[in-house]
Amino acid sequence: NSIISSNYNGRDISCFGGSDGAILAQVMSGGTSPFQFSINGGNFFSNPYFQGLSSGQHIIAYRDTNGCETSDTLMLQDPPVLSGTVSVSSAISCNSICDGQLTFNVDPNLPGTPNWQYSLDGGAYQTSATFGGLCGDINYAITVQDFNGCTYTDSLDLTQPDSLDLYVSVVS
């Protein structure tokens, strides 16, 4: 019986659309050794380990020294896609004051593999999804990274209020 030998925190593949799955073909009983193994109709090899696999159905064929063959089918599954959006959690109060806050919200339907960490404009990752002390009229990019190292980036232009224009007249 073959087993899925890749394990990315409970997932067969590390990131959605990835190709880092692995299967180990094992003969539990029967047949006459040495055995050869094939995946998806390919050539037979003595190495029972198949790696670099993407999600989907994989057929492992076994052949013993007498030419007797059998097969086993396994299904590798992608983890959920990782996605989300950046939103303004606190607007800038006054022109030229750097007190804005942005928050990255992971899409609950596209969570990747929790837990997450967040980076602002390529800086160091942190566990908080909120970044503060931000200045206005700048485009900020927040990258979320899931437990398997998969990333997704969204950006937002943080605006600021217009400056106060004063007109002073001297009255005598």
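Our subject is the structure listed above.
A short tour of the structure in this document, coming up. Since this is a predicted model, take the numbers as computed values, not measurements. (Residues numbered from 1 in each chain as written. Predicted model: local features only at pLDDT ≥ 70, side-chain atom pairs only at ≥ 80, totals over all residues. Heavy atoms only, no water.)

## Considerations on a negative patch on the surface
Here's step 1: A contiguous patch of negative charge on the surface is contributed by Asp137, Asp157, Asp162 and Asp165.
Here's step 2: Counting through the fold element by element, Asp137 comes out in the loop between strand E10 (130–134) and strand E11 (138–145). (Patch = residues over 30% accessible without salt bridge, like charges linked within 9 Å, V, L, I, M, F, W, Y side chains within 5 Å. Areas by Shrake-Rupley, 256 points an atom, 1.4 Å probe, with all protein chains shown as cover. Salt bridge = Lys/Arg side-chain N within 4 Å of Asp/Glu carboxyl O. Lys, Arg positive; Asp, Glu negative; His and termini not counted. Charge placed at Lys NZ, Arg CZ, Asp CG, Glu CD. Helix = DSSP H or I, 4+ residues; strand = E, 2+ residues; numbered from the N terminus.)

## Concerning the state of the cysteines
Here's step 1: For the coordinates displayed, the defined rule picks out 2 disulfides.
Here's step 2: The disulfide partner of Cys15 is Cys150, and the gap between their sulfur atoms is 1.8 Å. On the sign convention where negative is left-handed, the bridge of Cys15 and Cys150, at about -100° about the S-S bond, is left-handed. Here Cys150 lies in the loop between E11 and strand E12 (151–158) and Cys15 lies in the loop between strand E1 (3–4) and strand E2 (21–24), a separation of 135 residues in the sequence.
Here's step 3: We classify Cys15 as partly exposed; its relative accessible area is 22%.
Here's step 4: Between the sulfur atoms of Cys98 and its disulfide mate Cys135 the distance is 1.8 Å. (Disulfide = S-S within 2.5 Å. Buried < 20%, exposed > 50% of the residue type's maximum accessible area, 1.4 Å probe, protein only.)

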